[in-house]
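# Understanding the architecture of this molecule
Now for the letters of each chain:
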Amino acid sequence: MSVVLQGNSGWVLDSLSLIDRSYERCIRWTGLHKSHVKCSFNRQCFQILKSHFKQEVRTGVGGESSDVMQKTNKQPKKRKRKHTELNQGEINAKAFHEKIRSVILEGTQSLVDSARSVGYFGGETDTSKDPLPSQDCSLAALCEMAKELPLVNDDQQQWTQSLFTEEGCVSHVDLFSQVTENREAWAAVVSLMGEDYIIPPNTAFLLSDFTRIQPLLQSGRRFDLIVIDPPWENKSVKRSRRYSSLPSSQLKRLPVPLLGSPGCLVVTWVTNRPSHLRFVREELYPHWDVEVVAEWFWVKVTTSGEFVFPLDSPHKKPYEVLVLGRYCPTTGDTSHLQTPNVPVEDKRLIVSVPSALHSQKPSLSEVLKLYIGAEANCLELFARSLQPGWTSWGNEVLKFQHRSYFNLEAADTSKEEVTDNPTGTNGSS
């Protein structure tokens with residue numbers, strides 16, 4: 001059950017359940033031989049058991065002092081920072097937080113209480129000490145190397161390709177200059193570039209950066225939903241070097257007007273920096289002819305329903321912002337919108353236990369169905385994972401599809417047989 005419940009304030013999501021639902025039917029190809037496998041995402045990634053509270057007094061979801069954390073080890077002395085006045089960015093961030101604080105606090109309390117009443121947020125007892133799965137992702141570097149290869153060979157260039165041959169086994173695929181499709185109704189464990197990846201059913205993806213996005217444009221797809229998770233610039237990213245960030249101004253190069261159908265819903269993940277939020281609302285969306293319709297918030301909680309960070313922490317907040325807008329082109333025929341013009345409510349919350357893996361966002365497919373229709377064509381830009389029925393693009397688009405993030409075991413094939421026939425209903429076509 002991926003949507004635990006829906007209330008007046010928003011939704012409670014079970015992100016792990018939503019991921020695992022994509023792999024209920026999964027096979028592995030070894031040459032021309034296939035075998036059924038039971039596939040699930042590593043549960044440990046969503047075992048956020050405790051809040052990251054550094055204060056001795058911990059603030060619960062209800063905003064009251066709930067208990068005192070006991071010191072178990074002597075803490076090293078920290079050098080005191082000199083008191084300085086807040087800069088303008090910090091002042092703006094504080095003002096934004098105060099504006100939405102009651103929405104986050106009261107909405108989360110309501111949703112968490114309702115989820116607890118149905119047995120969710122009871123806390124986890126599995127406290128595995130094994131290290132989190134990790135994989136040295138070299139996809140971005142491979143994309144950089146692929147720039148040396150020609151993008152278009154001739155006028156007959158095929159911009160899409162199937163992951164499988166007619167016999168069913170994995171075909172030779174060019175991941176960097178063609179949109180690759182799994183057109184089958186089952187997920188598959190496949191070997192790509194010498195590594196094993198698990199590819200969801202009815203999905204399409206392109207592994208590239210800005211300079212090689214042309215195959216996605218040439219594939220002829222128009223999308224009813226575009227979700228964007230930009231690699232925003234910030235000090236933490238620069239220090240950790242987890243991924244390459246992108247200046248805000250460069251986001252205007254994204255060809256959203258060429259990818260979105262009239263009425264397309266555009267959703268952008270935004271950090272809690274007011275300058276990024278202001279840029280999206282006042283520069284980026286107007287540049288694309290996208291009209292802002294709502295701001296939503298992803299609230300991150302533990303398995304027992306507490307905020308993962310103190311709500312009023314001056315450093316990290318337990319929420320992130322999503323800016324939702326409708327693509328309303330000022331030119332061309334817009335009389336027949338291809339997406340349902342359902343009003344989008346403002347200030348909605350998506351409450352879930354976050355992944356411990358950096359930058360793994362929850363899927364929005366379930367909560368956005370009402371606003372785009374069940375048969376909508378969906379696209380994610382700067383994706384690091386794949387979703388059934390979606391097209392995904394980015395220079396790390398297969399990152400969280402790597403075998404190291406999944407548990408695989410032989411499946412019992414006596415009860416179910418996987419069909420070999422394509423469904424012909426790829427939601428990204």
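Described below are features of the structure shown in this document. (Residues numbered from 1 in each chain as written. Predicted model: local features only at pLDDT ≥ 70, side-chain atom pairs only at ≥ 80, totals over all residues. Heavy atoms only, no water.)

### Details of the overall build of the chain
Secondary structure assignment for the chain yields 8 helices and 19 strands. A burial count over the chain gives 51% of its 429 residues as buried. Long-range contacts, defined here as pairs at least 24 residues apart, represent 74% of the contacts in the chain between residues at least 6 apart. (Helix = DSSP H or I, 4+ residues; strand = E, 2+ residues; numbered from the N terminus. Buried < 20%, exposed > 50% of the residue type's maximum accessible area, 1.4 Å probe, protein only. Contact = heavy atoms within 4.5 Å.)

### Some points on the nonpolar core
Counting residues in each nonpolar core, the largest one holds 55 residues, and the members touching the most others are L216, L254 and L381. Here this core takes 7 residues from helix α2 (residues 88–117), the largest share from any one element. Of all hydrophobic cores here, the second largest spans 24 residues; its members include L139, C143, F164 and F205. (Core = buried A, V, L, I, M, F, W, Y, C linked by side-chain atoms within 4.5 Å.)

### Description of the environment of W296
Tracing the sequence through the fold places W296 in strand β14 (residues 290–300). By relative accessible area, W296 is classed as buried at 1%. Residues W296 and K347 lie 51 residues apart in sequence; the distance between their C-alpha atoms is 5.0 Å.

### Here's the deal with the pattern of salt bridges
Any two side chains of opposite charge can pair, on the condition that their charged atoms come close. Across all of its chains, the model carries 15 salt bridges by this definition. Here D229 ties to K361 by a salt bridge, and the two come within 3.2 Å at their closest N and O atoms. A residue pair is termed long-range when its members are at least 10 positions apart, and D229 in the loop between β12 (223–228) and α5 (235–240) and K361 in the loop between β16 (349–352) and α8 (369–372) qualify at 132 residues. Residue class for K361 comes out partly exposed when judged on its relative accessible area of 22%. On the accessibility criterion, D229 (5% relative accessible area) is buried. Members of the salt-bridge network, linked through shared partners, are D229, K300, E320, K361, R384 and E396. (Salt bridge = Lys/Arg side-chain N within 4 Å of Asp/Glu carboxyl O.)

### Structural notes on the packing of aromatic side chains
Within the structure shown, the criterion is met by 15 aromatic pairs. Ring centres of F41 and F46 lie 6.3 Å apart, and the angle between their planes is 65°; this geometry places the pair in the edge-to-face category. You can call F41 buried: its relative accessible area is 2%. A relative accessible area of 10% means that F46 is categorised as buried. With a centroid separation of 5.8 Å and 65° between ring planes, the pair formed by W296 and Y371 is classed as edge-to-face. With W296 in strand β14 and Y371 in helix α8, the pair connects residues that are 75 residues apart, well separated along the chain. By the burial criterion, W296 is buried, and Y371 matches it. Members of the aromatic cluster, connected to one another through ring pairs, are Y23, F41, F46, F400, Y405 and F406. (Phe/Tyr/Trp six-rings, centres within 6.5 Å; stacked < 30°, edge-to-face > 60°.)

### Here we look at the sheet that holds strand β13 (residues 260–270)
The sheet built from 12 strands is open, its strands ordered β1-β2-β16-β14-β15-β13-β12-β17-β18-β11-β8-β7 with mixed pairing. Where the open sheet ends on each side, the last strands, each with one partner, are β1 (3–6) and β7 (160–162). Going from strand to strand, the sheet's axes swing by 20° on average, the running direction of each strand aside. Pairing geometry for β14 and strand β15 (residues 319–327), over 9 bridges, is antiparallel. For E295, the partnering residue across the bridge sits in β15 and is V323. (Pairing = 2+ DSSP bridges. Axes fitted to C-alpha atoms, helices over the stretch in contact; angles between N-to-C directions.)

### Examining α2
In this model, α2 (30 residues) spans 43 Å end to end at C-alpha, consistent with the 44 Å of a helix rising 1.5 Å per residue. In the structure, α2 departs most strongly from a straight axis at I100, where the bend amounts to approximately 50°. By the N-cap criterion, in which a side-chain oxygen at the helix start approaches the backbone nitrogen of a residue two or three places on, α2 is capped by N87, the distance to G89 being 3.1 Å. (Expected span 1.5 Å × (residues − 1). Bend = angle between axes of the 7 residues up to and from the residue. Polar contact = N/O pair within 3.5 Å; in protein donor to acceptor, adjacent residues only side chain to side chain.)

### Quick word on the environment of L364
By the secondary structure assignment, L364 is in the loop between β16 and α8. Take L364: its relative accessible area is 4%, and that puts it in the buried class. Note: C-alpha distance between L364 and I350 (14 residues apart in sequence) is 9.1 Å.

### Section: helix α7 (residues 274–287)
Between the first and last C-alpha of α7 there are 19 Å, a value that for 14 residues agrees with the 20 Å anticipated at 1.5 Å per step. V280 marks where α7 bends most, by close to 40°. Residues of α7 that are buried in the fold lie against α2, β13, β14 and β15.

### Topic: the packing of α2 against α7
Two elements in contact, α2 and α7, have axes separated by 9 Å at closest approach and are oriented at 75°. Relative to α7, the element α2 is oriented roughly perpendicular. Listed contacts from α7 to G89, N92, A93 and F96 of α2 are P274, L277 and R278. For the contact of α2 with α7, the residue count by class is 4 nonpolar, 2 polar and 1 charged. (Parallel < 35°, antiparallel > 145°, perpendicular 65-115°, else oblique. Nonpolar A, V, L, I, M, F, W, Y, C, P; charged D, E, K, R; others polar.)

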